[in-house]
Protein chains: 2
Amino acid sequence: MRETWIVGAATNRFGRMAESAREAAARVAMEAIDRAGLSPKDIDHTFVSNAFGLAEHQGHLGPLINTALGIPEVPSATIESACSSSSAGLHEAFVHVAGGFADAVLVVGAEKLSHLDTLTATSYFATGADFPFETRNGATFPGLYATLASAYRSAFPLTPETMAAVAIKNHANAALNPHAHFQKEISLETYLSSPIVASPFRLYDCCPFSDGASAVVVAAKEFIKRPAATPLVVAASVRTGSIVDMHDRTDLLGLPASRRAGELAFRSAGL
Amino acid sequence: MRETWIVGAATNRFGRMAESAREAAARVAMEAIDRAGLSPKDIDHTFVSNAFGLAEHQGHLGPLINTALGIPEVPSATIESACSSSSAGLHEAFVHVAGGFADAVLVVGAEKLSHLDTLTATSYFATGADFPFETRNGATFPGLYATLASAYRSAFPLTPETMAAVAIKNHANAALNPHAHFQKEISLETYLSSPIVASPFRLYDCCPFSDGASAVVVAAKEFIKRPAATPLVVAASVRTGSIVDMHDRTDLLGLPASRRAGELAFRSAGL
């Protein structure tokens, strides 16, 4: 296996994009390639991480983005794995470079749903869960996660103040992140007086619908032309899976895929 | 690179499926794994080739299919590249096995659109073309391909009888294929008296909306447990790209991606 590096990265500020996902993707991709000291002609493969292109009536994003970059001849595919679409795209790039099938791979993720009404956008998100048994019967992501939180509350003590601490920390972090959708700290009072979305979740526990686009360039060590501002070696990349449909899970509190992926990644990196 | 084989394959009869894409995919996947002499536990990675899961409100197909196969812990991703989604999935499987990242990979493709009305189904297909400049303005796939056929007709002689010969040959082949949607030969008279869909295309030049599901298992030579009925070595797998949006193409008659992929594949196979 070849040593594989992330040699360039770029992102826009998440929120409401005026651009289409396709336009934003091409723009951040160009920025990531440029930061890597490369030109689009150096890219051997493009992976587009995207779940909801159809919200803009647009599939087949790879060649459209490559055409905008001036490299329509470069192969591409869209990778969808719900919330893990970006990491799945990054893993494919790692496999192509580490295995010697490509020297430099572009991974670009983009989503845009803000032009849709809330019900339609919520329905798009719900396609990431089990349709026939869960979302067809009215389950939404806030509702499904609230079910998990309720199960957690049955097993462990969970006060509103404990919940609040998570949201307050997250919003404090966002206030320091120039790319975050909302960059405003919240107080305990603001949290506790906010409306309940899906008990026990209040408004500030829930994520907004955010448009955004990000790109990274993954390359073999020997093909790095100019070190990125902060080049990163990929010490390991592994993926696992677990049960999506909540009614099939034997444990509502565990995250078996994350645990196993962590174990495998440490082992694969020899750490 | 490890020698890579297709060790099992299965497909259903294309047409109108009563099952969902997810159910049909799991069924043919099990059949392909079984024909390979393997069990689902032997699968290291699943790629689902699918463009229109959202037509059934269902994304995130990989873990749902893997769960149905009893292997929810196996990593998976959906691959979309419009009409080449299946070959893109097959290529990813090849890369994983040839590169030594997996010993056996399941590639399963499934689509279902027959429950939608014609306008809605046509709109789904149109997402494979350029939306802002073409399909938003009314272009459909029959219309876009008719434009190519008209350009061809301007450059080369093309009589209705020449067109008919292609359709008659295709339908004769379909009559011999137990998996084909329509299994009926057509005569020159039937062809010539059929309605025009998008000039110069008549009804029998155009494909129907067909639901279907197919699966293959790709494995390293040393992991073949029982040779499939007709095991196939993958002599080469390469991908290329070209311009999707028709208004950006410099040549409406060429197929540069196919030509280049063919050249690269022969070179890669040493043929």
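Residues numbered from 1 in each chain as written. Chains lettered and ligands numbered in written order. Predicted model: local features only at pLDDT ≥ 70, side-chain atom pairs only at ≥ 80, totals over all residues. Heavy atoms only, no water.

(A) Representation of the interface of chain A and chain B in the model. Taken residue by residue, the interface counts 51 residues in chain A and 51 residues in chain B. Summed over the shared surface of chain A and chain B, the number is 2 salt bridges. Arg22(B) is the partner of Asp130(A) in a salt bridge, and the nearest nitrogen-oxygen pair spans 2.7 Å. At the boundary of chain A with chain B, the tally comes to 24 residue pairs in polar contact (both at pLDDT 80 or more). (Contact = heavy atoms within 4.5 Å. Salt bridge = Lys/Arg side-chain N within 4 Å of Asp/Glu carboxyl O. Polar contact = N/O pair within 3.5 Å; in protein donor to acceptor, adjacent residues only side chain to side chain.)

(B) Up close: the sheet that holds strand S1 (residues 4–11) of chain B. Taken together, the 12 strands give an open sheet; going across it, the order is S8(A)-S1(A)-S7(A)-S4(A)-S2(A)-S3(A)-S3(B)-S2(B)-S4(B)-S7(B)-S1(B)-S8(B), and neighbouring strands pair in mixed fashion. Looking at strand neighbours, the two that pair on one side only are strand S8 (232–233) of chain A together with strand S8 (232–233) of chain B, the edges of this open sheet. Taken strand by strand, helix H1 (residues 21–35) of chain A contacts strand S1 (4–11), strand S4 (104–111) and strand S7 (212–220) of chain A, and its axis lies near 35° from that of S7(A). (Pairing = 2+ DSSP bridges. Helix = DSSP H or I, 4+ residues; strand = E, 2+ residues; numbered from the N terminus. Axes fitted to C-alpha atoms, helices over the stretch in contact; angles between N-to-C directions.)

(C) Spotlight on the relation of the copies chain A and chain B. Aligned on chain B, chain A shows an RMSD of 0.0 Å; the corresponding rotation is 180° and the shift along the axis is 0.0 Å. Both copies are brought into coincidence by an operation consistent with a two-fold rotation axis. Take the interface residues of chain A: 100% of them recur as interface residues in chain B, which is what a same-surface contact looks like. (Least-squares fit on C-alpha atoms with pLDDT ≥ 70 in both.)

(D) Fine view of helix H2 (residues 61–68) of chain B. All names here are of chain B. Buried residues dominate H2, accounting for 7 of its 8 residues. Within the sequence span of H2, burial applies to Leu61, Gly62, Pro63, Leu64, Ile65, Asn66 and Thr67. For H2, the elements touching its buried residues are helix H1 (21–35), strand S2 (45–49), strand S3 (76–80) and strand S4 (104–111). Looking one or two places after H2, you find glycine 70, whose phi comes out positive at around 80°. (Buried < 20%, exposed > 50% of the residue type's maximum accessible area, 1.4 Å probe, protein only.)

(E) Broad picture of the side chain of Ser81(A). Counting through the fold element by element, Ser81(A) comes out in the loop between strand S3 (76–80) and helix H3 (85–98). Its relative accessible area of 4% is what places Ser81(A) among the buried residues. Beyond its immediate chain neighbours, meaning those up to four positions away, Ser81(A) contacts Ala88(A), Arg239(A), His60(B) and Ser76(B).

(F) Region of interest: the state of the cysteines. All names here are of chain A. Under the counting rule described, the total for this entry stands at 0 disulfides over all chains. In this structure cysteine 83 is not part of a disulfide, and its nearest cysteine sulfur, from cysteine 207, lies 8.4 Å away. Judged by its relative accessible area of 72%, cysteine 83 falls in the exposed class. No disulfide involves cysteine 207; its sulfur sits 7.1 Å from that of cysteine 206, the nearest cysteine. (Disulfide = S-S within 2.5 Å.)

(G) Summary view of the domain arrangement of chain A. Residue and element names in this part refer to chain A. As assigned here, chain A comprises domain 1 (4–114 + 210–234) and domain 2 (139–205). Computed from C-alpha coordinates alone, the two centres of domain 1 and domain 2 are separated by 31 Å. Contacts between the two partners involve 6 residues from domain 1 and, on the opposite side, 5 residues from domain 2. The contact between domain 1 and domain 2 buries some 500 Å² in all, and 49% of this surface belongs to carbon and sulfur atoms. Scanning the region where domain 1 abuts domain 2 turns up 0 salt bridges. Summed over the shared surface of domain 1 and domain 2, the number is 4 residue pairs in polar contact (both at pLDDT 80 or more). Residues that form the side of domain 1 that touches domain 2 fall into these classes: 1 nonpolar, 4 polar and 1 charged. (Domains from an automatic or database assignment. Buried area = accessible area lost by both parts, 1.4 Å probe. Nonpolar A, V, L, I, M, F, W, Y, C, P; charged D, E, K, R; others polar.)

(H) Summary view of the UniProt feature "domain: Thiolase N-terminal" (unreviewed entry) in chain A. Taking the numbering used here, the UniProt-annotated feature "domain: Thiolase N-terminal" (unreviewed entry) corresponds to residues 6–221 of chain A. Secondary structure over residues 6–221 of chain A splits into 38% helix and 18% strand, and the C-alpha atoms at its two ends are 9 Å apart. (UniProt positions renumbered as here; feature names shortened; annotations may be inferred.)

(I) Fine view of the pattern of salt bridges. Residues and elements named next belong to chain A. For the structure on display, the rule yields 14 salt bridges over all chains. Glutamate 73 is paired through a salt bridge with lysine 41; the nearest N and O atoms lie 3.9 Å apart. Taken together, the residues span a long stretch of sequence, with glutamate 73 in the loop between helix H2 (61–68) and S3 and lysine 41 in the loop between H1 and strand S2 (45–49) at a distance of 32 residues. Since its relative accessible area comes to 60%, lysine 41 is described here as exposed. One connected set of salt bridges, linked through shared partners, spans Arg2, Asp103 and Glu222.

(J) Quick look at the pairing of S4(A). Residues and elements named next belong to chain A. Among the 8 residues in S4, 7 count as buried, and that is most of the element. Across 5 bridges, the pairing between S2 and S4 is parallel. Paired with phenylalanine 47 across the bridge in S4 is valine 107.

(K) Broad picture of unusual backbone geometry. Residue Ser199(A) is joined to Pro200(A) through a cis peptide bond whose omega torsion reads 5°. One can find Pro200(A) in the loop between strand S5 (196–198) and strand S6 (201–202). With a phi close to 60°, His57(B) is a non-glycine residue in the positive phi region. Along the polypeptide, His57(B) turns up in the loop between S2 and H2. Note on His57(B): relative accessible area 44%, which makes it partly exposed.

(L) Local environment of the packing of aromatic side chains. Residues and elements named next belong to chain A. Taken as a whole and assessed by the stated rule, the structure comprises 12 aromatic pairs over all chains. Ring geometry for phenylalanine 141 and tyrosine 145: centres 5.7 Å apart, planes at 25°, overall stacked. Placement of both phenylalanine 141 and tyrosine 145 in helix H5 (residues 141–155) is noted, with a separation of 4 residues, approximately one turn of the helix. A relative accessible area of 42% places tyrosine 145 in the partly exposed class. Clustering of aromatic rings is evident, with ring pairs tying together Phe52, Tyr124, Phe125 and Phe209. (Phe/Tyr/Trp six-rings, centres within 6.5 Å; stacked < 30°, edge-to-face > 60°.)

(M) Region of the structure containing a nonpolar patch on the surface. Residue and element names in this part refer to chain B. Taken together, Tyr152, Phe156, Leu252 and Leu253 make up a surface patch of nonpolar side chains, about 330 Å² in accessible area. Inspection of the secondary structure puts leucine 253 in the loop between S8 and helix H8 (256–269). With relative accessibility at 35%, the residue leucine 253 sits in the partly exposed group. (Patch = residues over 30% accessible without salt bridge, like charges linked within 9 Å, V, L, I, M, F, W, Y side chains within 5 Å. Areas by Shrake-Rupley, 256 points an atom, 1.4 Å probe, with all protein chains shown as cover.)

(N) Structural context of the environment of Val7(A). Mapped onto the secondary structure, Val7(A) falls in strand S1. Separated by 28 residues in sequence, Val7(A) and Arg35(A) have C-alpha atoms that sit 7.8 Å apart.

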